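So you can see what is in the structure, the chains are spelled out below.
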Amino acid sequence: MSNPQDTRTGKAPVLAPGHTFATVTDKISAIVLSRRTTLGWVVGFGVGLLLTMLLLAAVSYLLVKGVGIWGIDIPVAWGFAIVNFVWWIGIGHAGTLISAILLLLNQPWRNSINRFAEAMTLFAVMCAGMFPLLHLGRPWLFYWLFPYPNTMQVWPQFRSPLVWDVFAVSTYFTVSFLFWFVGLIPDLGTLRDRAHSRLARGAYGFLAMGWRGSARHWKNYESAYLLLAGLATPLVVSVHTVVSFDFAISIVPGWHTTIFPPYFVAGAIYSGFAMVLVIAIPIRKFYSLGDMITMRHLENCAKIMLVTGLIVAYGYLMEHFMAWYRSDEFDAFMVHNRMHGPYAPLYWALIVTNILVPQALWSRRVRQNVGALFGVSIIVLIGMWLERFIIVVTSLHRDFLTSSWGMYYPTKWDWFTFVGTIGFFAMAMYLFIRFLPMISIFEMRTLLPEAEVEAEAK
Amino acid sequence: MSYAPVTLPYPAPPALARIQRRSLVIGVVFLAGAVIAAIVEHSPAQFFRSYLLGYVWWVGITLGCLAVLMMQHLAGGLWGFVIRRPLEAAARILPLLAVMFVPLIFGIPYIYLWDHRELVLHDAKLQHQAQYLAAPWFIARGALYFLAWILMAYLLNRWSAAQDASGDPVLRRRMQTFSGPGLVIYALTVTFASFDWLMSLDPQWGSTVYPLILIAGQMLAALSFCAAILFLLAQHKPMSDIVQEKHVHSLGKMMLAFVMLWAYTSYSQLVIIWAGNLPGEISWYLRRLNTGWKYVALALVVFHFAVPFALLLSRDLKRNARRLARVAMLLVLVRYLDLLFWIAPNSLPGFEHGMPFHWMDIAVPAGIGGIWMAAFVWALRQRPLVPLHDQRFEEVVGHAPETA
C-alpha cells in the first residue's frame with residue numbers, strides 16, 4: 001500500500017526493502033523465542049526492578065504513616081500525586097492515538113510502532129492510577145468512589161469531576177487492555193507454533209485462545225479489531241478532557257479557563273509521542289530494528305510532536321493574553337506570580353523545555369537526526385512534567401486570600417514514589433519486550449509487496 | 001490573474017457564468033435594499049450589526065478555504081487535488097473582502113460598546129480594554145490581518161499558476177514548506193481578529209477557547225462549501241470525469257471531524273463557564289439561554305451537531321456526492337446561525353431581551369454572500385479546474401495533463 005508511494009515522494013519506506021513474510025516473522029519472533037537475553041536487558045530490567053522495590057517501600061511507609069510523609073499541605077493539597085497522575089496518563093494517550101485513530105485513518109506506518117505504544121499506554125495508565133488512589137489518604141476505601149448500593153448512605157457526588165475520573169480512567173484502562181490483547185492474539189498463535197519449550201508452547205497457546213488462523217477467524221478478528229478501534233478513539237479525547245475538567249470546573253485562577261480541554265489533550269499527545277520516541281529509539285538500536293522502525297516513523301512522530309507542541313504554546317499564549325485583556329485581578333496575579341513568584345525558575349524552565357527547544361523540530365535535519373530526536377523527546381517529557389507542576393502548585397499556593405498563602409516542597413517520599421513509578425514502567429516495558437512480540441508480526445506482513453499482490457487478486 | 005488565455009485546458013463549465021450573474025444581481029439588490037432601508041428607517045445600528053454578521057460569515061468561509069488549502073499542501077491526499085482550484089479561487093477574493101471591511105470601520109460607534117467614552121469612563125478594566133480595542137488600533141490590526149492573509153493567498157496562487165505553466169517540482173516543495181508556518185500565521189491572526197471583531201462586542205467577557213470554536217467553524221464551512229461546489233462542478237465536463245466517490249468520501253470524513261471539533265470546543269466552553277458560574281463569564285450565556293435565543297441554541301445543538309453528526313456517520317452518504325452536498329449546504333447555513341447566536345444578543349442596550357430578530361439579519365448576509373459568490377465564481381473561471389502539474393494529477397485523472 002505504501003511502498004510504491006515511497007519511491008515517488010522520496011520519503012523513507014515504512015518497511016525496508018528485502019523482507020518477505022518469513023523474514024518478518026523470523027526476525028520479530030526470534031527476539032522472544034531464540035535470541036539470548038542480553039546483558040543490557042538484564043541490567044536495564046534490574047534497575048527497573050530495584051526502583052520498583054523503592055516504590056513498594058515508599059508506598060508501604062505511606063500506608064503506615066499516611067499522606068503526611070508527602071510535602072502536601074494546605075493550601076497545596078494536590079502536589080506530586082496529581083502532577084504525576086496527569087503526566088503519566090497523558091503519556092498513555094499516544095498509544096491509543098497510534099493504535100486506534102491511525103488505524104481508522106488508514107495510516108500503515110503505524111503498524112510497526114502500535115504494539116509497544118499500546119503496551120506503553122497500559123503501563124503508563126497503571127502508574128497514573130496509583131497516584132489518585134494513594135492520594136485518597138485511606139486507599140483501602142477506594143471502592144467508595146463507585147456508585148454501589150450500601151448501608152452507609154454513601155453515594156458519589158456526580159457533579160465532581162473526580163468521580164468522572166474514576167469512570168474515565170477505568171474505562172480507558174479496560175479498553176486499552178482489550179485492544180492490546182486482541183491485537184496480540186494472532187501473534188501469540190505464531191509464537192505458540194514456533195516455541196520449542198513445552199512451557200512456552202503451553203503459555204502462548206493458553207493466551208492465543210485457540211487461534212488457528214482460519215479465514216473465519218480472520219474475518220471475525222478484523223471486525224472485532226475495527227470495533228475496538230472505534231471504541232478507543234473517543235477515549236483519546238475524553239480521558240484527558242475529564243482530567244482537564246478536574247481543574248477547569250473549579251474557579252481557581254490558572255485552572256478555570258475554557259481552553260483547558262483541547263490544550264490538555266494536545267499536551268497529552270505531545271508527551272505521549274515524546275515517550276514513544278524515547279522507547280523506540282533505543283529499541284531500534286539495540287535490537288537492530290532500523291529496517292522496521294524506519295526514519296519515516298521517527299520523523300512522523302516528530303511532526304506530530306511539533307503540531308501538538310504548538311497547540312500547547314497557543315494555550316499558554318491565550319491564558320496570558322486573556323489575563324491581560326480582561327485585567328481580572330486574580331488571573332493577572334496568577335500570571336505575574338508564575339513569571340516572577342517563588343516558582344519562577346521552574347516556569348522559565350518550562351518555557352524553554354516545552355516551547356523553545358521543540359521548535360528545533362521545524363528543521364528536517366533535526367527530525368532526521370536520531371540523537372537529536374532522542375534529546376528533544378527527553379526535554380519535552382521534562383517540560384510536560386514541569387507544566388503540570390506549574391499548573392497544580394502555582395495556582396494553589398497563592399490564591400484569593402493572602403492570609404492563606406503557602407509553599408509546597410516535595411519530600412524525599414514524593415521523589416521515591418515518582419522515581420519508583422518510572423522504575424515500574426521501565427521494568428514492565430523490559431518484561432514486555434522479552435516475552436511478547438514488540439512489533440505486530442501479522443500487521444507488518446500486510447506492509448509487504450506480496451500482501452499487496454494478494455489483496456489485488458481478491 | 002494577469003493573463004487569461006483564450007482557451008483554458010479543463011475550463012469551467014458555462015453554467016458557472018449564469019451563477020456568477022445571478023449571484024451578483026442578488027448581492028447588489030439585497031445590499032442596496034438594506035442600505036436604502038437603513039437610511040430611510042434611520043437604523044444604522046441594525047444595519048451594521050447585520051453587516052458584521054454577514055461579513056464574518058463569508059470571511060470565515062474564505063479564510064477556512066485558505067487554511068484547508070495549506071492543510072492539503074502539507075498533508076497530501078487525493079481529496080486536496082480535486083478541490084484545490086476552488087480553494088485557491090476563494091483565497092484570491094481576499095482583497096475584495098479587505099475592501100468590504102471598510103463599512104465595518106464606519107460601524108464601530110454603532111456596534112461596539114468600547115467605543116463609547118462615557119460608558120467606559122467609570123470602569124478601570126473597561127478603560128484598559130478600550131485602549132487596546134480603540135478604533136485606530138482596531139483598524140491597524142485589521143489591516144495587518146488582511147495583509148498577512150492576502151500575502152499568503154497571493155503567494156500560494158502565484159506559485160500555483162507557475163506550477164500550471166512549468167510543472168517545476170521545486171514549486172510543490174515550496175508550497176508545502178510555506179504551508180506549515182502559514183497555518184500558524186492563520187491560527188494567530190484569526191484568533192486576534194476574533195477578539196477584535198466578535199468577542200469585544202461584550203468587552204468584559206472573555207473565553208480562551210472562543211477563537212478555536214471559530215477556527216473549527218471556518219474549516220467546517222470551507223470543507224462543506226467545497227463539497228457543495230464539487231458536486232455542482234461534477235455535473236459537467238471536465239470534472240464529471242475526474243471526481244470519484246473516494247474523493248467525496250474523504251471530504252465527508254473531514255466534515256465529520258470538524259463537526260465534532262466544533263461541538264467539542266463549544267461544549268467545553270459551555271460546561272466550564274456553567275460550572276464556574278462567575279458573574280463576568282456566565283452573563284454571556286444568561287443573555288442567550290434565558291431569553292428567546294435559547295431556541296437558537298437548541299437549533300444549534302440539533303442542526304450544527306446532532307443531525308449532521310448522525311448523517312455523516314453513514315459511509316453510503318459520504319460516498320454519495322449529491323447527499324453529501326445537501327448536508328454540506330446545511331452546514332454552511334448553520335455557520336450563519338452560530339454566528340447570529342454569537343453576535344445578535346450582544347448589541348447595544350435595548351437588544352438584551354427577547355429575540356430581536358430583524359429582516360436585515362437575513363438580507364445583508366445574503367447580499368454579501370451574493371457578491372462573494374459572484375467574485376468566487378469569476379475567480380474560479382480564470383484558471384483550469386484542476387492544477388495541471390500537481391503531483392497527484394496522473395493518479396487521479398489517469399493520464400498526463402492535456403495542455404491546450
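Just so it is clear, the model here is predicted, and its values are computed rather than measured.

Bringing the overall build of chain B into the picture now. What chain B contains, in helices and strands, is 18 helices and zero strands. A compact globule built from 404 residues should have a C-alpha radius of gyration of about 22 Å, and chain B, at 21 Å, falls within 12% of that. In terms of principal-axis extent, the alpha carbons of chain B reach across some 70 × 45 × 40 Å. Burial statistics for chain B: of 404 residues in total, 59% are counted as buried. Partitioning the intrachain contacts of chain B with sequence separation of at least 6 by distance along the chain shows that 82% fall at a separation of at least 24. With an accessible surface of roughly 16,200 Å², chain B has 68% of that area assigned to carbon and sulfur atoms. Across chain B, the mean location of the 30 positive side-chain charges is 6 Å away from that of the 20 negative side-chain charges.

A few words on the overall build of chain A. Helix and strand counts for chain A come out as 17 helices and zero strands. For 458 residues, the compact-globule formula gives about 23 Å, and the C-alpha radius of gyration of chain A, at 23 Å, lands near that figure. Seen through its principal axes, chain A has C-alpha atoms that stretch 75 × 55 × 40 Å. Out of the 458 residues in chain A, the part that is buried amounts to 56%. Long-range pairs, those at least 24 residues apart, make up 81% of the contacts in chain A between residues at least 6 apart in sequence. Per element, the accessible surface of chain A, about 19,400 Å² overall, is 69% carbon and sulfur. Of the charged side chains in chain A, 32 are positive and 23 negative; the average position of the first set lies 8 Å away from that of the second.

Further remarks concern the pattern of salt bridges. Residues and elements named next belong to chain B. The final tally for this structure, using the stated rule, is 20 salt bridges over all chains. One salt bridge connects arginine 84 with glutamate 88, and the closest N-O pair in it is separated by 3.0 Å. On the criterion of helical spacing, the pair formed by arginine 84 and glutamate 88 is a turn pair, its members being four residues apart in helix H3 (residues 78-92). Exposure class is identical for arginine 84 and glutamate 88. Each is buried. Across the pair arginine 85 and glutamate 88 runs a salt bridge, and its minimum N-O distance is 2.8 Å. Placement of the pair is arginine 85 and glutamate 88 together in helix H3, with a separation of three residues, close to one helical turn. The exposure class of arginine 85 is buried, given its relative accessible area of 2%. What makes glutamate 88 buried here is its relative accessible area of 0%. Connected through shared salt-bridge partners, Arg84, Arg85, Glu88, Asp164, Asp390 and Arg392 make up one network.

Residues and elements named next belong to chain A. Contact geometry of helix H4 (residues 79-104) with helix H6 (residues 161-194) gives a least axis separation of 11 Å together with a crossing angle of 40 degrees. Between H4 and H6, the angle falls in the class oblique. In the packing of H4 onto H6, the handedness of the crossing is left-handed. Of the residues in H6, those in contact with Phe85, Ile89, Gly92, His93, Thr96, Ser99 and Ala100 of H4 are Asp165, Val169, Tyr172, Ser176 and Phe179. Class assignment for the residues of the contact of H4 with H6 results in six nonpolar, five polar and one charged.

Time to look at the interface of chain B and chain A. Taken residue by residue, the interface counts 39 residues in chain B and 31 residues in chain A. In total, about 3,000 Å² of surface goes out of reach between chain B and chain A, with carbon and sulfur atoms giving 67% of it. The largest share of the area that chain B buries against chain A comes from Thr208, Tyr264 and Ile272 of chain B, three residues that together contribute 24% of it. At the boundary of chain B with chain A, the tally comes to two salt bridges. A salt bridge links glutamate 281 of chain B to arginine 326 of chain A; the nearest nitrogen and oxygen atoms lie 3.8 Å apart. Across the chain B-chain A interface, the total number found is 13 residue pairs in polar contact (both at pLDDT 80 or more). The element contributing the most residues to the side of chain B that touches chain A is helix H12 (residues 245-276) of chain B, with 10 residues. Residues belonging to the side of chain B that touches chain A are distributed by class as follows: 20 nonpolar, 14 polar and five charged.

Now for the nonpolar core. With 295 residues, the main nonpolar core has Trp88 of chain A together with Tyr55, Trp149, Trp197 and Phe376 of chain B as its most contacted residues. Top element by residues in this core is helix H2 (residues 44-75) of chain B. It accounts for 19 residues. In contact with tryptophan 88 of chain A, not counting residues within four places along its chain, are Ala124, Cys127, Ala128, Phe131, Met275, Phe418, Thr421, Ile422 and Phe425 of chain A.

What describes a pair of aromatic rings is the distance from one ring centre to the other and the angle between the planes of the rings. Residues and elements named next belong to chain B. In this structure the tally under the stated criterion is 86 aromatic pairs over all chains. Their ring planes at 55 degrees and their centres at 5.4 Å tell us that tyrosine 112 and phenylalanine 138 sit as a pair that is tilted. Remark: phenylalanine 138 occurs in helix H8 (residues 135-166) and tyrosine 112 occurs in the loop between helix H5 (102-111) and helix H6 (117-120); sequence separation between them is 26 residues. Tyrosine 112 gets classed as buried once you look at its relative accessible area, which sits at 1%. For phenylalanine 138, a relative accessible area of 0% corresponds to the buried category. One Lys or Arg, arginine 141, reaches over the ring of tyrosine 132 and ends 3.9 Å from the middle of that ring. In this arrangement the basic side chain of arginine 288 is found over the ring face of phenylalanine 341, its NZ or CZ atom lying 5.8 Å from the centre.

A few words now on a positive patch on the surface. All names here are of chain B. A cluster of basic residues, Arg18, Arg21, Arg22 and Arg381, forms a positive patch on the protein surface. The residue arginine 22 is located in helix H1 (residues 15-41) in this model. For arginine 22, a relative accessible area of 56% translates into the label exposed.

All names here are of chain A. For the bond from isoleucine 74 to proline 75, the omega torsion is 20 degrees, close enough to zero to count as cis. Here proline 75 lies in the loop between helix H3 (39-65) and H4. Even without being glycine, serine 288 reaches a positive phi, approximately 40 degrees. Tracing the backbone through its elements, the reader meets serine 288 in the loop between helix H9 (260-286) and helix H10 (295-326). Serine 288 gets classed as partly exposed once you look at its relative accessible area, which sits at 47%.

For the rest of this paragraph, the subject is the environment of valine 271 of chain B. Relative to the elements of secondary structure, valine 271 of chain B occurs in helix H12. In contact with valine 271 of chain B, other than residues within four places in its own chain, are Phe245 and Ile249 of chain A.

When pLDDT is low, close inspection of the predicted coordinates is not appropriate. All names here are of chain A. Per-residue pLDDT for chain A has a mean of 90; in total, 96% of the residues score no lower than 70. The secondary structure element of chain A with the lowest average pLDDT is helix H1 (residues 3-9), at 45, and the one with the highest is helix H12 (residues 344-356), at 97. With pLDDT under 50 throughout, residues 1-8 is counted as low confidence; its partners more than four residues away or in other chains account for 16 contacts.

What follows concerns the packing of H8 of chain B against helix H9 (residues 169-197) of chain B. Residues and elements named next belong to chain B. Direction vectors running N to C along H8 and H9 enclose 160 degrees, while the axes themselves pass 10 Å from each other. With respect to H9, the element H8 is oriented roughly antiparallel. Classified by chirality, the crossing of H9 by H8 is left-handed.

Okay, the side chain of threonine 291 of chain B next. Residues and elements named next belong to chain B. By secondary structure assignment, the location of threonine 291 is in the loop between helix H13 (279-289) and helix H14 (294-312). Note on threonine 291: relative accessible area 11%, which makes it buried. Within polar-contact distance, the side chain of threonine 291 engages the backbone oxygen of arginine 287 at 2.8 Å.

Calculation criteria
Residues numbered from 1 in each chain as written. Chains lettered and ligands numbered in written order. Predicted model: local features only at pLDDT ≥ 70, side-chain atom pairs only at ≥ 80, totals over all residues. Heavy atoms only, no water. Helix = DSSP H or I, 4+ residues; strand = E, 2+ residues; numbered from the N terminus. Rg over C-alpha atoms; globule rule 2.2 N^0.38 Å. Buried < 20%, exposed > 50% of the residue type's maximum accessible area, 1.4 Å probe, protein only. Contact = heavy atoms within 4.5 Å. Areas by Shrake-Rupley, 256 points an atom, 1.4 Å probe, with all protein chains shown as cover. Lys, Arg positive; Asp, Glu negative; His and termini not counted. Charge placed at Lys NZ, Arg CZ, Asp CG, Glu CD. Salt bridge = Lys/Arg side-chain N within 4 Å of Asp/Glu carboxyl O. Axes fitted to C-alpha atoms, helices over the stretch in contact; angles between N-to-C directions. Parallel < 35°, antiparallel > 145°, perpendicular 65-115°, else oblique. Left-handed = near helix turned anticlockwise from the far one by under 90°. Nonpolar A, V, L, I, M, F, W, Y, C, P; charged D, E, K, R; others polar. Buried area = accessible area lost by both parts, 1.4 Å probe. Polar contact = N/O pair within 3.5 Å; in protein donor to acceptor, adjacent residues only side chain to side chain. Core = buried A, V, L, I, M, F, W, Y, C linked by side-chain atoms within 4.5 Å. Phe/Tyr/Trp six-rings, centres within 6.5 Å; stacked < 30°, edge-to-face > 60°. Lys NZ or Arg CZ within 6 Å of the ring centre and 35° of its normal. Patch = residues over 30% accessible without salt bridge, like charges linked within 9 Å, V, L, I, M, F, W, Y side chains within 5 Å. pLDDT = per-residue confidence, 0-100.

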